[in-house]
Amino acid sequence: MAVGPTTRRRQLGADLRRLRDLKGLTLEEAGARVGISKATLSRYETKEGTVKWPAVDALCREYGATDEERAALVELAKGAKIQGWWRSLADPIPESMNLMLTLEDEVVREDHYACMYIPGLLQTRAYAEAVHRASEVQCPEREVQHMVDIRMKRQELLDREEPPHIWCVIDEAALRRQVGGREVMRQQLEHLLATSQRPRITVQVLPFACGAHAAAVGSFAVLRGQAPELDVVYVDLIGGGLFMEKPQELECYRLAFEYLSAQALDLESSTELIDRISREH
């Protein structure tokens, strides 16, 4: 996977902090040595705002980084402003969706638990339209179509030369809930069956029979980067979403997904259940 701007920015912050800690300098001491404020250096390390590559170069020299380390971090700083395909869209994008697109453009794996709807990356257009019309009841049709266009564009990551691994645990309720009517639902389930056969897509069903489970509070996704410290959790909320990246939060959701996957049907049984529900429609 190509390293995108958000991954670059997060990796840069983590590496700068690691080098400063190894040198035994405080934020104030390190900043004073290169002529930047404590607050500015703190923003560099916490992945907030823009960075200036000459300052990163100076910091690396003060920290005693190797020439290879310094060159790599300067390159990360220079690449942190690169924008993704969604920046060219004419209509505005909600901030939570903007961040999701940024992160999703860089992940190596996504773990989804879906209790209400089929995960967006595996939705048909008709199904996605029905979802948006239901959740955005006061939204003009033009805006609905705009958001659906974005969702369809997102799905192009599945066709990359090296796509991320998409692992979905889908609650049986999401398969049986009629979204858009029987025909839309039948087509959606057929599409889900087809995409689940792709080599880097894993689909499991969490059946009603499993009873209580580790994520009864709602849907979520663990977006996994090239290193564990780059992982982010996304939780669905009304009107947007919540992103979490604290170690304890990440561990909680990673563990929840492991439990869900263990409780869910195996791949063959999941396929059989999806097919049976599809034929019912």
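As shown above, the structure is provided for reference.
My aim in this report is to walk through the structure given alongside it, one point at a time. Treat the numbers as computed from the prediction; the structure is a model and nothing was measured. Every residue gets a number counted from 1 within its own chain, in the order that chain's sequence is written. With the structure being a predicted model, the display of local features is reserved for residues of pLDDT at least 70 and the display and counting of side-chain atom pairs for 80 or more, all residues being used for whole-chain, interface and lining totals. Hydrogens and water are ignored here; the side-chain numbers use all heavy atoms of the structure.

1. Observations concerning the overall build of the protein chain
When you go through the protein chain residue by residue, the secondary structure sums to 12 helices and 6 strands. Among the 281 residues that make up the protein chain, the fraction classed as buried is 49%. Counting only contacts in the protein chain whose residues sit at least 6 apart along the sequence, the fraction spanning at least 24 positions is 72%. For accessible areas, the Shrake-Rupley method is used with a probe of radius 1.4 Å. Any residue's cover is judged against the shown protein chains and nothing else. Carbon and sulfur atoms provide 52% of the accessible area of the protein chain, an area that totals close to 14,300 Å². What counts as a helix is a DSSP run of H or I of at least four residues, what counts as a strand is a run of E of at least two, and both are numbered from the N terminus. Residue exposure (1.4 Å probe, protein chains only): buried if accessible area is under 20% of the type maximum, exposed if over 50%, otherwise partly exposed. Only heavy atoms enter the contact rule, under which two residues are in contact if any of them lie within 4.5 Å.

2. Concerning the sheet that holds strand β4 (residues 220–224)
Two strands form a pair only when DSSP identifies at least two bridges running between them. In spatial order, the strands read β3-β2-β1-β4-β5-β6; together these 6 strands make up an open sheet with mixed pairing. Only two strands of the sheet have a single neighbouring strand rather than two, namely β3 (201–206) and β6 (240–244). Pairwise comparison of adjacent strand axes, ignoring direction, gives a mean angle of 15° for this sheet. Across 5 bridges, the pairing between strand β5 (residues 232–237) and β6 is antiparallel. Within the sheet, the bridge partner assigned to D236 lies in β6 and is G241. Where helix α11 (residues 247–263) meets the sheet, its contacts fall on β1 (109–114), β2 (165–171), β3, β4, β5 and β6, and the angle it forms with β4 comes to roughly 110°. The convention used is that axes are lines fitted to C-alpha atoms, helices contributing only their stretch in contact, and that angles between N-to-C directions extend from 0 to 180 degrees.

3. Focus on the pattern of salt bridges
Put simply, a salt bridge is a Lys or Arg side-chain nitrogen that is within 4 Å of an Asp or Glu carboxyl oxygen. By the definition in use, this model includes 26 salt bridges. A salt bridge links E141 to R133; its shortest N-O distance comes to 2.9 Å. A relative accessible area of 40% places E141 in the partly exposed class. Salt-bridge contacts for R279 lead to D275; the nearest nitrogen and oxygen are separated by 3.1 Å. Note that R279 and D275 are positioned in helix α12 (residues 267–280) at a spacing of 4 residues, about one turn of the helix. Judged by relative accessible area, which is 59%, R279 ranks as exposed. Overall, D275 belongs to the partly exposed group, its relative accessible area being 31%. Via salt bridges that share partners, R109, D111, R224, D231, E251 and R254 belong to a single interconnected network.

4. Quick word on the packing of aromatic side chains
What describes a pair of aromatic rings is the distance from one ring centre to the other and the angle between the planes of the rings. Note on ring pairs: Phe, Tyr and Trp rings are taken, using the six-membered ring of Trp, and paired if centres are within 6.5 Å. Classes follow the plane angle, with under 30 degrees stacked, over 60 edge-to-face and the rest tilted. All chains considered together, the criterion is met by 4 aromatic pairs. On the basis of an interplanar angle of 45° and a centroid distance of 6.0 Å, the ring pair of Y113 and F220 is categorised as tilted. Here Y113, found in strand β1, pairs with F220, found in strand β4; they are 107 residues apart in sequence, far enough to count as distant. When sorted by exposure, Y113 lands in the same class as F220, which is buried. Between F220 and Y253 the ring centres are 4.9 Å apart and the planes differ by 65°, which places this aromatic pair in the edge-to-face class.

5. Some thoughts on the nonpolar core
To define a nonpolar core, start from buried Ala, Val, Leu, Ile, Met, Phe, Trp, Tyr and Cys residues and group those joined through side-chain atoms within 4.5 Å. L122, I170, L175, L192 and I274 are the most contacted members of the largest nonpolar core, which totals 25 residues. Broken down by secondary-structure element, the contributors of at least two residues to this core are α7 (125–135), β2, α9 (172–176), α10 (182–195), β3 and α12. With 5 residues, α10 is the single largest residue contributor to this core. If sequence neighbours within four positions are ignored, L175 has contacts with I118, I170, M185, L189, L192, V205, I274, I277 and H281. Formed by 19 residues, the second largest nonpolar core is a distinct cluster that contains L16, A30, Y44 and L76.

6. Structural notes on the side chain of R224
Mapped onto the secondary structure, R224 falls in strand β4. What makes R224 buried here is its relative accessible area of 18%. Only 2.7 Å separates the side chain of R224 from the side chain of D111, close enough to count as a polar contact. Under this definition, polar contacts are N or O atom pairs within 3.5 Å; protein pairs additionally need one hydrogen-donor-capable and one acceptor-capable atom, and for neighbouring residues in sequence, both atoms have to be side-chain atoms.

7. A short note on the packing of α10 against α12
Close contact between α10 and α12 brings their axes to 9 Å; oriented N to C, the two are set at 160°. What the angle tells us is that α10 and α12 run roughly antiparallel. The chirality of how α10 crosses α12 is left-handed. Listed contacts from α12 to R182, R186, L189, E190, L192 and L193 of α10 are T271, I274, D275, I277, S278 and E280. Convention used here: angles under 35 degrees read as roughly parallel, angles over 145 as roughly antiparallel, angles from 65 to 115 as roughly perpendicular, and any remaining angle as oblique. In this scheme the handedness of a crossing depends on how the near helix is turned from the far one: anticlockwise by less than a right angle means left-handed, clockwise means right-handed.

8. Some points on α10
Taking 1.5 Å as the rise per residue, α10 with 14 residues should run 20 Å; its terminal C-alpha atoms sit 20 Å apart, in good agreement. Residues of α10 that are buried: V184, M185, Q188, L189, L192, L193 and T195. On its buried side, α10 packs onto α7, β2, α9, β3 and α12. Multiply 1.5 Å by the residue count of a helix minus one, and that product is the helix's expected span.

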